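Coordinate inspection notes
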Amino acid sequence: MSPENDPGTTSGVSPEQQAREAELLDRVLASFDATPDARMKQIMRSAVRHLHAFLRDVRLSEQEWKQGIDFLTAVGHLTDERRQEFVLLSDTLGVSMQTVAINNGAYAEATEATVVGPFFMQDSPEVELGGDISFGAAGEPCWVGGTVTGVDGTALPGARIEVWQADDQGFYDVQYGDDRVAARAHLFTDEQGRYAFWGITPTPYPIPQDGPVGRMLETVGRSPMRASHLHFMVTAAGFRRLVTHIFVRGDELLGRDSVFGVKESLVKDFLEQAAGTPTPDGRDLGARTWSRVRFDIVLAPAGS
Ligand code: BEZ
Ligand code: FE
């Protein structure tokens with residue numbers, strides 16, 4: 001076994017046993033030698049090397065491996081078009097955020113990316129600028145507005161902004177099990193790159209806990225709570241697609257988000273407005289309080 005293939009010796013394991021294990025790993029790695037696609041070959045060999053290193057590091061028992069298989073089987077059984085337990089697993093293990101970090105390197109003042117999560121849906125309804133994306137979802141109204149520009153400050157007209165969020169009960173529309181579409185929409189920036197809409201003031205919520213990932217979090221003593229946030233996906237021709245959220249300054253969960261999604265630059269001031277405070281578009285909210293937040297979005301060039 002070449003040194004870069006072998007994870008090293010494990011204390012308490014005889015040299016003969018180490019050699020047997022290393023020899024098996026070598027044979028498995030060699031089985032990928034004829035892979036036509038070089039990238040595929042690299043990925044498979046690396047995945048196998050790290051998987052074997054993990055097994056040998058913890059000296060996994062056969063009973064524990066069966067438990068692992070049962071766990072992954074349960075994750076698969078729960079996954080369908082509306083429930084993505086594998087995404088949840090990736091999110092809670094920090095794998096999603098690590099992939100975001102690898103693929104969305106910092107670029108000048110471009111807005112930082114964060115995890116997409118399992119609740120983005122294609123084909124959201126379109127709203128006009130200043131429209132209400134809540135479609136009746138429960139929550140305090142929140143006026144969200146800002147601009148979309150490139151890093152040189154150039155306004156980006158016609159940028160597509162997808163937004164989605166949980167209601168104040170902590171649920172996305174798709175979690176209700178009926179066909180409602182609420183608290184999600186898309187809109188386009190105007191000629192000056194400006195956008196605005198009414199949403200809901202974000203509140204904290206737990207990620208779905210009724211499946212194997214929830215049980216895993218409970219077993220290890222971790223909280224399922226996500227810091228309060230509002231999701232964005234922004235696309236404009238010639239620019240890197242941005243998937244991100246904004247978070248609420250002052251939220252006590254900012255430092256212990258269950259999917260490691262918080263970045264300081266994405267924490268925004270949601271300004272609480274007393275009932276009766278005039279709204280930006282003249283909407284009459286009666287006796288309701290509301291909030292407002294500004295989020296200026298800066299896109300990195302495509303391929304950066
Ligand atoms: C979300 O923010 O929608 C989310 C992200 C990761 C896991 C679960 C939910
Ligand atoms: Fe969310």
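Above this text you will find the structure in question.
These remarks concern the structure in this document. All residue numbers refer to positions counted from 1 along the written sequence of the respective chain. Think of it this way: whatever chain is written first is A, whatever ligand is written first is 1, and the rest follow in order. Side-chain atom pairs in this predicted model are given and counted only at pLDDT of 80 or more, local residue features only at pLDDT of at least 70, and totals for whole chains, interfaces and linings cover all residues. Heavy atoms from the whole structure form the basis of all side-chain values; hydrogens and water molecules are not counted.

A separate point is the coordination of the iron ion (ligand 2). The textbook angles at a metal center are 109.5 degrees for a tetrahedron of four donors and 90 or 180 degrees for an octahedron of six. Only Tyr 172 (OH), Tyr 205 (OH), His 229 (NE2) and His 231 (NE2) from the protein reach the iron ion (ligand 2) as donors, at distances of 1.9 to 2.1 Å. Donor atoms are limited to N, O and S found within 2.8 Å of the metal ion, a distance that becomes 3.2 Å for Na, K and Ca. With water left out, some sites might look partial. For four-coordinate sites, all angles between 85 and 135 degrees define a tetrahedron; for four- and six-coordinate sites, opposite donors beyond 155 degrees with the remaining angles between 65 and 115 define square planar and octahedral shapes respectively, and all other cases count as irregular. Taken together, the six donor atoms coordinating the iron ion (ligand 2) and their angles of 55 to 168° define a geometry best described as irregular. Expressed as a motif, the donor residue spacing for the iron ion (ligand 2) is Y-x32-Y-x23-H-x1-H. Each residue is placed in one exposure class: buried if its accessible area under a 1.4 Å probe, protein chains only, is under 20% of its type's maximum, exposed if it is over 50%, and partly exposed if it falls in between. By relative accessible area, which is 3% here, His 229 ends up buried. Note on His 231: relative accessible area 3%, which makes it buried.

A separate point is the environment of Tyr 107. Strands are runs of DSSP state E lasting at least two residues, helices are runs of H or I lasting at least four, and both sets are numbered from the N terminus onward. With respect to the helices and strands, Tyr 107 occurs in the loop between α5 (95–103) and β1 (141–150). Looking at Tyr 107, the relative accessible area reads 32%, which means it is partly exposed. It is 9.0 Å that separates the C-alpha atoms of Tyr 107 and Leu 299, two residues lying 192 residues apart in sequence.

Time to look at helix α2 (residues 38–58). Expected span of a helix, by definition, is 1.5 Å for each gap between consecutive residues, and there is one gap fewer than residues. Between its first and last C-alpha atoms α2 spans 31 Å; for 21 residues at 1.5 Å apiece the expected length is 30 Å, and the two agree. Every buried residue of α2 is listed here: Val 48, His 52 and Arg 56. Buried positions in α2, seen along its axis, are confined to an arc of 60° and lie on one side of it. More than 90 degrees from the buried face of α2, the exposed residues found are Arg 39, His 50 and Asp 57. Any pair of nitrogen or oxygen atoms within 3.5 Å is treated as a polar contact; in protein, a donor-acceptor pairing is required on top of that, and neighbouring residues in sequence qualify only through side-chain atoms on both sides. One side-chain oxygen at the N-terminal end of α2 lies 3.1 Å from the backbone nitrogen of Arg 39; it belongs to Asp 37. Two residues or fewer past α2, Arg 59 is found with a positive phi of approximately 50°. What the arc covers is the set of directions going from the helix axis to the C-beta atoms.

What follows deals with empty space enclosed by the protein. Cavities and pockets were defined on a 1 Å grid built from protein atoms only: a cavity is a group of points that admits a 1.4 Å probe but offers it no way out, a pocket is an open group of points flanked by protein on both sides within 12 Å along at least five of seven lines, and a lining residue is one with an atom within 4 Å of any such point. Grid points are joined across faces, edges and corners, and a volume is the space filled by probe spheres set on the points. Considering all chains together, one arrives at one cavity of 30 Å³ or more under this definition. In this structure, the largest cavity spans a volume of roughly 90 Å³. Considering the residues around the largest cavity, the lining is formed by 13 residues, among which Gly 117, Pro 118, Tyr 205, Ile 207 and Arg 226 are closest to the centre. Classification convention: Asp, Glu, Lys, Arg as charged; Ala, Val, Leu, Ile, Met, Phe, Trp, Tyr, Cys, Pro as nonpolar; all other residues, Gly among them, as polar. Its residues assigned to classes, the lining of the largest cavity shows nine nonpolar, two polar and two charged.

Another point: the site of ligand 1. Near, as used in this document, describes a residue that has one of its heavy atoms within 4 Å of the molecule or strand being considered. Taken together, the neighbourhood of ligand 1 is formed by Leu 88, Asp 91, Gly 117, Pro 118, Phe 119, Tyr 172, Tyr 205, Ile 207, Arg 226, His 229, His 231 and Val 259. Tyr 172 is positioned such that a nitrogen or oxygen atom in its side chain is 3.2 Å from an oxygen atom of ligand 1. Areas reported here follow the Shrake-Rupley algorithm with a probe of radius 1.4 Å; residue values treat only the protein chains shown as occluding. In isolation ligand 1 offers 260 Å² of accessible surface; the protein chains occlude 100% of this area. Spatially, ligand 1 is embedded in the largest cavity. Cavities and pockets are treated as containing a molecule whenever more than half of the molecule's atoms lie within 2 Å of their grid points.

This part covers the nonpolar core. For our purposes a nonpolar core is just a set of buried Ala, Val, Leu, Ile, Met, Phe, Trp, Tyr and Cys residues, chained together by side-chain atoms within 4.5 Å. Counting residues in hydrophobic clusters, the biggest one holds 37 residues, and the most contacted among them are Val 148, Tyr 195, Phe 197, Phe 232 and Ile 297. Core analysis: the second largest hydrophobic core is formed by 10 residues, Phe 120, Ala 166, Tyr 205 and Met 233 among them.

Within the chain, Ala 108 stands out as a residue other than glycine whose phi angle is a positive 45°. Its location among the elements puts Ala 108 in the loop between α5 and β1. The exposure class of Ala 108 is exposed, given its relative accessible area of 63%. For Phe 135, which is not glycine, the phi torsion reads 45° and is therefore positive. Turning to its location among the elements, Phe 135 is positioned in the loop between α5 and β1. Its relative accessible area of 40% is what places Phe 135 among the partly exposed residues.

This next bit is on the pattern of salt bridges. Note on definitions: salt bridges are taken to be side-chain nitrogens of Lys or Arg within 4 Å of carboxyl oxygens of Asp or Glu. Evaluated as defined, the whole model comprises 17 salt bridges. Close ionic contact of Arg 27 with Glu 23 constitutes a salt bridge, the shortest N to O distance being 2.9 Å. In this pair, Arg 27 and Glu 23 both sit in helix α1 (residues 15–30), four residues apart, roughly one turn of the helix. Between Lys 66 and Asp 70 there is a salt bridge whose closest N-O contact spans 2.8 Å. Linking Lys 66 with Asp 70, this pair stays in helix α3 (residues 62–78), spanning four residues, or about one helical turn. Within the structure, one salt-bridge network assembled from shared partners comprises Glu 21, Arg 56 and Arg 59.

What follows covers the side chain of Thr 189. Mapping Thr 189 onto the fold places it in the loop between β3 (184–188) and β4 (194–200). Within the structure, Thr 189 has its side chain in polar contact with the backbone oxygen of Leu 156 (distance 2.6 Å). At a separation of 2.9 Å, a polar atom in the side chain of Thr 189 contacts the main-chain amide nitrogen of Gly 158. We call two residues contacting when some pair of their heavy atoms lies within 4.5 Å. The contacts of Thr 189, once residues within four sequence positions are left out, are Val 148, Leu 156, Pro 157, Gly 158, Ala 159, Ile 161, Arg 194 and Tyr 195.

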